[in-house]
Each structure stands twice: as C-alpha cells, then as structure tokens.
Amino acid sequence: MKDKVIGVIGGMGPYAGLELVRHIFDQTIAASDQEHLPVVLFSMGDRVPDRSTFLFGKTSENPAYAIAEQIRMAESVGAVVVGIPCNTAHAPSIFNVILEELARTGSRVRVLHLIEETVRFLREHYPDVKRVGVLSTLATYRLGLYRKALEAAGYEAVIADESVQETIVNRAIFDPSYGIKAQSHPVSKIARQSVLTGIEHLRQKGVEAVVLGCTELPLAVPEPEVDGIPIIDPSLALARALIRETYPEQLKPL
C-alpha cells in the first residue's frame, strides 16, 4: 500500500476536478489497479463561494476558508500534497489566506501552486518558446495572474484584447445557455468555437504557445496543439507536479 495520498480540491467547477484526477491517472505508470496512485477528490462546489465575485469586490466572503477546510478534510484521510484546479483560487488574496489558515490550524499538507507549476511545465517542455498567449476568466485576466508569473519567468506574455476576452472567452465559460459551466460534458459547439476563436486571435498576435488559463477551457479544446500552436493545459501541469512530489518514479515521460 502507498502511504502518500494526493488530494484534489475540486468543485470549481466540478468537471475541472474530474479532469485533474483523469490527468493524474493518465500520467501515471501503472499496469494494474494496485499500481495506481491513491487520490482523494473533494468536490463540494456548493460550499465554496464564487471566486470571481469575491475578487471583484461584489462579496466579502472569501472562498479561501471553505477551500482550506476541504484541504484539511483531505489531509485527515492521508493527503500529503494537494492541488486546486481553479486558477482564480490562486489569486494572492485567496491563496495566501488558504496558506495562512492551514498554518494557523497546524496543517502539514503541501499545496502546489497551479500557475507556478504551469510556468515550470512550459519551461521544461517547451524551452524554445518565448512569446506566450493566455486565455482565462475575466478575473484572472484583469488580475494579471498569468501575465505576472510569465513575465517574472522571462516570457513575453500576450493577452487577448479586452473585447475578445470579455465577449468571447469569458462567455464561453459563464454564459448560462452555452457556457462550459452550464454544459461541461459535452461542451457546446458554441463554447468550443469561442475558445478556438480566442486561440486564433492570439495566434495572429504572434504567440508561440497558448495557456488555457481557466481549468475549464481545456474541456472545450483538449487537443495539445491547434494549427501548430502548442496548447498548455494547467491541469496537466498540475497533475504531473502532484505525481512528481509523491511518486516521481511513476511519472510518465511526455
């Protein structure tokens, strides 16, 4: 039996948590049930306030406390390292409070940083890429979460024009009739085409790779490449990091 459990705090949205677990299975060297890694998924989206609503100041209820509670629940069943497949949850005003809450309660679990792991994945697997495009939720876009991380790592970050970001990409995620949150499996044709339109918009800006900086965007475009442009899935990067930090000998080569 393996004594190190991987924790996944899902529900933001629910299919993003499932996708991260699927990536963990897919990226693990295993030939039997017993060789797969122990993973616990907590998907309690009903308990976690909307991240964007908090970040835009429309509510004072910080989702960090609900997320930290679920991390402690994962730790109680053996999790030693945890991933949160939600980019906006990594905004400093949320993520830092999560870490403070865990420290306050004596937690020893490690929480990997999704955005930092995505940049590390990009550096390790696409060493020649310098100009990186980003598509994301409006909150991630306006807070510059990926732009700041990419620029700190020496990349030239290219973001979509605000009109494209707001009326095409963000609606592909949140529109109540066709958005990915409303139709996750399968994703609607409109949502998929909207994400492809955003990728094409960035391609015309001369990017060498595109980060899908919302963990639900890869549900619409799961391909690793579109028209010769590498598509970077943060959930894949996080899955590989979780394996690396627990059972590195079972991490598949890319």
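Note that the structure is a prediction, hence the values are computed from the model and not measured.

Cut-offs applied
Residues numbered from 1 in each chain as written. Predicted model: local features only at pLDDT ≥ 70, side-chain atom pairs only at ≥ 80, totals over all residues. Heavy atoms only, no water. Pairing = 2+ DSSP bridges. Helix = DSSP H or I, 4+ residues; strand = E, 2+ residues; numbered from the N terminus. Contact = heavy atoms within 4.5 Å. Axes fitted to C-alpha atoms, helices over the stretch in contact; angles between N-to-C directions. Patch = residues over 30% accessible without salt bridge, like charges linked within 9 Å, V, L, I, M, F, W, Y side chains within 5 Å. Areas by Shrake-Rupley, 256 points an atom, 1.4 Å probe, with all protein chains shown as cover. Salt bridge = Lys/Arg side-chain N within 4 Å of Asp/Glu carboxyl O. 1 Å grid on protein atoms, 1.4 Å probe; cavity = no way out; pocket = protein on both sides within 12 Å on 5 of 7 lines; lining within 4 Å. Points joined across faces, edges and corners; volume = space filled by probe spheres on them. Disulfide = S-S within 2.5 Å.

(A) Summary view of the sheet that holds strand 2 (residues 39–42). As summarised here, the arrangement of the four strands in space is 2-1-3-4, forming an open sheet in which the pairing is parallel. Where the open sheet ends on each side, the last strands, each with one partner, are strand 2 and strand 4 (110–111). Helix-sheet contacts for helix 11 (residues 234–244) involve strand 1 (5–9) and strand 3 (79–83), and the interaxial angle to strand 3 is about 165°.

(B) Examining a nonpolar patch on the surface more closely. Together, Tyr15, Leu18 and Leu41 make up an exposed nonpolar region whose accessible area comes to about 250 Å². With respect to the helices and strands, the residue Leu18 is situated in helix 1 (residues 14–26).

(C) Structural view of the layout of surface pockets. Empty space within the largest pocket amounts to approximately 220 Å³. Taken together, 16 residues form the lining of the largest pocket, with Pro222, Pro224, Ile231, Asp233 and Leu236 sitting closest to its centre. Counting residues per element, the ones that place at least two in the lining of the largest pocket are helix 1 and strand 9 (229–232). Sorting elements by how many residues they give to the lining of the largest pocket places helix 1 first, with three residues.

(D) Representation of the state of the cysteines within the structure. Evaluated as defined, the whole model comprises zero disulfides. The cysteine Cys214 is free of any disulfide, with Cys86 supplying the nearest cysteine sulfur at 7.5 Å.

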